[in-house]
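# Reading the structure
Here is how the chains run, residue by residue.
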Amino acid sequence: QSLPQQKLLTWLSVLECVEVFAEMGTARVWGELGRWTIIVLIQLAKAILRLLLLLWYKAGIQTSPPIVPLNREQQQPLHPQEPEDSCSGKAQTYVGRRSSRVVRSLQSTPALQSRHWGSPQQREESQSRRAEEMKQPPTPLGLQETIAESLYITRPLLHLLSLGVWGQRSWKPWLLSAVLDISSLSLLSDLKDLNRRERAELRRRTLLLLYYLLRSPFYDRYSEGRILLLLRLLADYVPGVGFVTRPLMEYLPAWQKIYFYNWG
């Protein structure tokens, strides 16, 4: 990736990390008007950055988060070299004579934080496979797929615009957003030979369609009573589940009030 593209990804990641805090902080200081102003500004900035990545840098299907978090366990070297080990030249592994099982020799045991339970060969293969997956270029998008990704990117802006026109109690913003999400996924479903990261992103977007059960006005009119009843039954009749379901029942109303939790 070029340096400008990396900067765009970094800024996009920063926005996604601070959006909930910015919404809640602005609402506390400047009230509802300030809250909706910061929501519009953040969604506008995110849409501009994503459209630049899509149309100018040909970034393909964009993931969330834009920058994959670093897995430090995977980044650790397979055979950490100790000064005394490198000089002694001791064997890293031992092959059993009867079982042909490969085990790590006691002399080459790494530090506690670097240990793993798989054989060195298995870890080498998994690390090389992950490295190849990370190096895979994005799948080129045709006109149909570019339109589908653009629909997904601009959906938050169109939803906010529809909220301003029809109000928060109207079904039209909810329906418009659902139609855009489903249309985007259906247009992208024709893509073949996606890499692992892109397939995971499409699965994530498909699962996020369940959020429409928790989004107003559908949640206020249909889902709320049924979800709370189910959580209450689980808390009362399933031992141990109440430690999770009761706090969740108290958290749902607060979760509902945060736009970026619900629609971001």
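Residues numbered from 1 in each chain as written. Predicted model: local features only at pLDDT ≥ 70, side-chain atom pairs only at ≥ 80, totals over all residues. Heavy atoms only, no water.

Counting residues in hydrophobic clusters, the biggest one holds 13 residues, and the most contacted among them are I39, L160, Y212, Y259, F260 and W263. Looking at this core, the elements that each hand over two or more residues are α1 (3–56), α5 (143–166), α6 (172–188) and α10 (259–262). When residues of this core are assigned to their parent elements, the largest contribution, four residues, is made by α1. Mapped onto the domain boundaries, this core takes at least three residues apiece from domain 1 (3–66 + 138–215) and domain 2 (216–263). Setting aside anything within four residues of it in sequence, one finds L160 in contact with W36, I39, V40, Q43 and Y259. (Core = buried A, V, L, I, M, F, W, Y, C linked by side-chain atoms within 4.5 Å. Buried < 20%, exposed > 50% of the residue type's maximum accessible area, 1.4 Å probe, protein only. Helix = DSSP H or I, 4+ residues; strand = E, 2+ residues; numbered from the N terminus. Domains from an automatic or database assignment. Contact = heavy atoms within 4.5 Å.)

Let's shift gears to helix α8 (residues 218–237). Taking 1.5 Å as the rise per residue, α8 with 20 residues should run 28 Å; its terminal C-alpha atoms sit 28 Å apart, in good agreement. Where α8 bends most, at E224, the angle is about 45 degrees. Buried within α8 we find Y219, S223, L228, L231 and A235. Packing partners of the buried residues in α8 comprise α9 (242–257). (Expected span 1.5 Å × (residues − 1). Bend = angle between axes of the 7 residues up to and from the residue.)

Across the protein, the average pLDDT comes to 85, with 80% of residues at 70 or higher. Low confidence marks residues 78–89, where pLDDT is under 50. Its contacts with residues over four positions away, or in another chain, come to 13 contacts. (pLDDT = per-residue confidence, 0-100.)

Relative to the helices and strands, E198 resides in helix α7 (residues 196–207). Of the side chains with opposite charge, R197 comes closest to the buried, unpaired E198, at an N-O distance of 4.4 Å. Ignoring any residue separated from it by four or fewer positions in sequence, one finds E198 in contact with I61, P138 and T139. (Lys, Arg positive; Asp, Glu negative; His and termini not counted. Salt bridge = Lys/Arg side-chain N within 4 Å of Asp/Glu carboxyl O.)

The terminal C-alpha atoms of α9 lie 24 Å apart, and with 16 residues this matches the ideal 22 Å at 1.5 Å per residue to within 8%. Taken as a whole, α9 has its buried residues at G242, T245, M249, L252, W255 and Q256. Where α9 is buried, its residues touch α8 and α10.

Take unusual backbone geometry next. A cis amide bond links S64 with the next residue in sequence, P65, at an omega value of 0 degrees. Among the secondary structure elements, P65 is positioned in the loop between α1 and α2 (72–75). The amide bond that connects S216 to the next residue, P217, takes the cis arrangement and shows omega of 5 degrees. Secondary-structure assignment places P217 in the loop between α7 and α8. Unusually for a residue other than glycine, K58 sits at a positive phi of about 55 degrees. Note on placement: K58 falls in the loop between α1 and α2. A positive phi angle, near 60 degrees, is found at D193, a position not held by glycine. Along the chain, the position of D193 falls in the loop between α6 and α7. Overall, D193 belongs to the exposed group, its relative accessible area being 74%.

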